[in-house]
Amino acid sequence: MESARSGMRLLELLFVGVKLYLYRLVHNSKENFNQRFAVKLRSTFESLGPVYTKLGQMLSMRPDYIDDVYCQEFELLLDSGRQIPREKMRRYLNRIASPSQFKLVQSLGDPIAVASISQVYQATLPSGEAVAIKVLRPGVTHMVKRDFKILRLLARFLGNKVGKVGKRHWIDLVAELERWLLEETDYLHEARNIELMRKDFEGYDNILIPQYYPDLSSKQILVMEWIDGHSMLDLIRMKRKEELPDFDFSLEEKFEEIIRDVAIKSLLRGYFHADAHPANIMITKEGKIALIDFGLIQFFSREVRKGTILFLLGITSNDIELIFKSAEMLGKENAQFNRDEVYEEISRHLYDYLDASAHDVSSTKILFSILKVCLEQGFQYPWSLVLYTRTAVNLDGQILRVHPGFSFSSYGRQYLLEVYLETLLEEHTSASHVIKMTEDVIDLVRDLPKNLKTIIEKMAKEKQP
Ligand SMILES: Nc1ncnc2c1ncn2[C@@H]1O[C@H](COP(=O)(O)OP(=O)(O)O)[C@@H](O)[C@H]1O
Ligand SMILES: [Mg+2]
């Protein structure tokens, strides 16, 4: 029965593929073809369900891979999906609600957001607190499992014929994607992630992680503190139309905070949000950055964090030796590479990057080109780094829209260095030891403002027993 369903699904995918191909053939020469085809593709992804919607979401953040017309259309997949008819949803809610949730879900009106795997509602608790209620779409887990069954088969049979990597890599990739998606469909898992992230961001007054209500939450219904603000996606759209309200803060400055405190400093803390697309970041009226949607968070081991910092420091300061060092630290396979050849290739990629703006040189492109060079030399990176790259790509896509003059290389370098030194301090207690360890980044340390060196020495002394 189950394999018959998978067979039907495979046929459906083939049929959709042929339809898209014919559409292209017939309309190719028409005016605005790309715009029309983008709409067609977006609605196809939407109708194929959560796995393909996720794929479209990922693509929406890759203006370096696909035309902006497609990116803008696929952006719609980030925060709008097909709304489930009210009556069907009511029956479903009555079925899945626990006794403690029953009364609350009875009061729900129309959703405030319809996303790929959930519908989100606003409600008020008897105590008067405003809450967001996230409800898993009916049948999502089943759909994900069914689609991955097909993708697993494709990886097994076509793995050796597609792309530059072998079958084993494709099978691993599909398994990993499936794990990500299945984790996203269990809200008790998301609730645990919320707890971890709240702890992780303790002491960051500018970052808000909504609390959840354990007694009112379950696998399919998550009740959380309501965030009064706009999603970054809405803000980007307002900016595009030049309709941004007058805030006491600028969007550019909020983005710099996100890069510093969410992306770079996660290399110090350990956990990071692995799905940081613009519908999952909100800005409150007071200018706080709220992160939501913790279906997927990832932990970095200390070793991987250190390797990643060195990798990013190498890129942002055009120091190829640091990239080599990080590759040695992170690569699982002992690759034999031609140092001179790699050196030359990487320096060619980095040639224009130092202090360049996001508009002029894409950080995503640089990141991928260099990772590709390392992969081609036989290095295999840990999954946590792959996920971190996904976060970086997501943020880079937003920067291009909000803050095109931003230079990750010059802004990021100083904070990466700070984070690197703090990581060393965590491991070693004496100031002299830390300073000795900074030999790796000695040229960069030389550029550090004097007071930062004094701070580090002071911190190290404080750490001494
Ligand atoms: N706590 C909240 N407060 C206010 N709005 C929220 C909250 N949680 C989610 N939303 C809104 O609902 C949308 C979808 O929620 P999200 O958790 O991202 O679901 P999904 O996992 O399906 O993407 C968000 O983009 C946001 O607009
Ligand atoms: Mg989301």
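Here the structure is shown first, and the text comes after it.
Rules and cut-offs
Residues numbered from 1 in each chain as written. Chains lettered and ligands numbered in written order. Predicted model: local features only at pLDDT ≥ 70, side-chain atom pairs only at ≥ 80, totals over all residues. Heavy atoms only, no water. Helix = DSSP H or I, 4+ residues; strand = E, 2+ residues; numbered from the N terminus. Buried < 20%, exposed > 50% of the residue type's maximum accessible area, 1.4 Å probe, protein only. Areas by Shrake-Rupley, 256 points an atom, 1.4 Å probe, with all protein chains shown as cover. Pairing = 2+ DSSP bridges. Contact = heavy atoms within 4.5 Å. Axes fitted to C-alpha atoms, helices over the stretch in contact; angles between N-to-C directions. Patch = residues over 30% accessible without salt bridge, like charges linked within 9 Å, V, L, I, M, F, W, Y side chains within 5 Å. Salt bridge = Lys/Arg side-chain N within 4 Å of Asp/Glu carboxyl O. Near = heavy atom within 4 Å. Polar contact = N/O pair within 3.5 Å; in protein donor to acceptor, adjacent residues only side chain to side chain. Left-handed = near helix turned anticlockwise from the far one by under 90°. Nonpolar A, V, L, I, M, F, W, Y, C, P; charged D, E, K, R; others polar. Phe/Tyr/Trp six-rings, centres within 6.5 Å; stacked < 30°, edge-to-face > 60°.

*Asks:* Help me out: how do you make sense of the overall build of the protein chain in this one?
*Replies:* When its secondary structure is counted, the protein chain shows 21 helices and ten strands. Within the span of the protein chain, comprising 465 residues, buried residues form 51% of the whole. As displayed, the protein chain has an accessible area near 22,900 Å², and 53% of this comes from carbon and sulfur atoms.

*Asks:* How should I be thinking about the sheet that holds strand β4 (residues 207–208) in this particular structure?
*Replies:* As a general point, the strands of a sheet are linked pairwise by backbone hydrogen bonds and lie either parallel or antiparallel. Pairing in this open sheet of four strands is mixed, and the strands run β4-β9-β8-β6 from one edge to the other. Since the sheet does not close on itself, it has two edges, and those belong to β4 and β6 (229–231), each with one partner. Along the sheet face, helix α11 (residues 251–264) touches β4, β8 (281–284) and β9 (289–291) and points at about 50° away from the line of β9.

*Asks:* Just checking my understanding: could you explain a nonpolar patch on the surface for this structure?
*Replies:* Together, L10, L153, L154, F157 and L158 give the surface a local cluster of nonpolar side chains, amounting to about 440 Å² of exposed area. At four residues, the largest contribution of residues to the nonpolar patch is made by helix α7 (residues 140–158). Along the chain, L153 turns up in helix α7.

*Asks:* Would you explain the site of ligand 1 in this entry?
*Replies:* Neighbouring ligand 1 are 17 residues, the closest being S118, K134, A279, N280 and D293. One of the side-chain N or O atoms of S118 is found 2.5 Å from an oxygen atom in ligand 1. Here an oxygen atom of ligand 1 sits 2.7 Å away from a polar atom, N or O, in the side chain of K134. When ligand 1 sits alone it has 550 Å² of accessible area, and the protein chains cover 93% of it.

*Asks:* Looking at this structure, how should I read the packing of helix α13 (residues 302–316) against helix α16 (residues 363–376)?
*Replies:* Axes are the key here: two packed helices are described by the angle between their axes and the distance separating the axes. Between α13 and α16, the shortest axis-to-axis distance is 11 Å and the interhelical angle comes to 115°. Judged by the sense of rotation from one axis to the other, the crossing of α13 with α16 is right-handed. Contacts between α13 and α16 involve F311, L312 and I315 from the former and I366, L367, I370 and L371 from the latter. Partitioning the contact of α13 with α16 into residue classes produces seven nonpolar, no polar and no charged.

*Asks:* Looking at this model, I keep getting lost on the packing of aromatic side chains. Mind explaining?
*Replies:* Two numbers describe a pair of aromatic rings. These are the distance of the centres and the angle of the planes. By the definition in use, this model includes 13 aromatic pairs. Relative to Y388, the ring of F300 has its centre 5.2 Å away and its plane inclined at 50°; by these criteria the two rings are tilted. Placement of F300 in the loop between β10 (297–299) and α13 and of Y388 in helix α17 (residues 383–402) is noted, with a sequence separation of 88 residues between them. Across this residue pair, the class does not change: F300 and Y388 are buried. The structure contains a cluster of three or more aromatic residues connected by ring pairs, namely Y23, F33 and F37.

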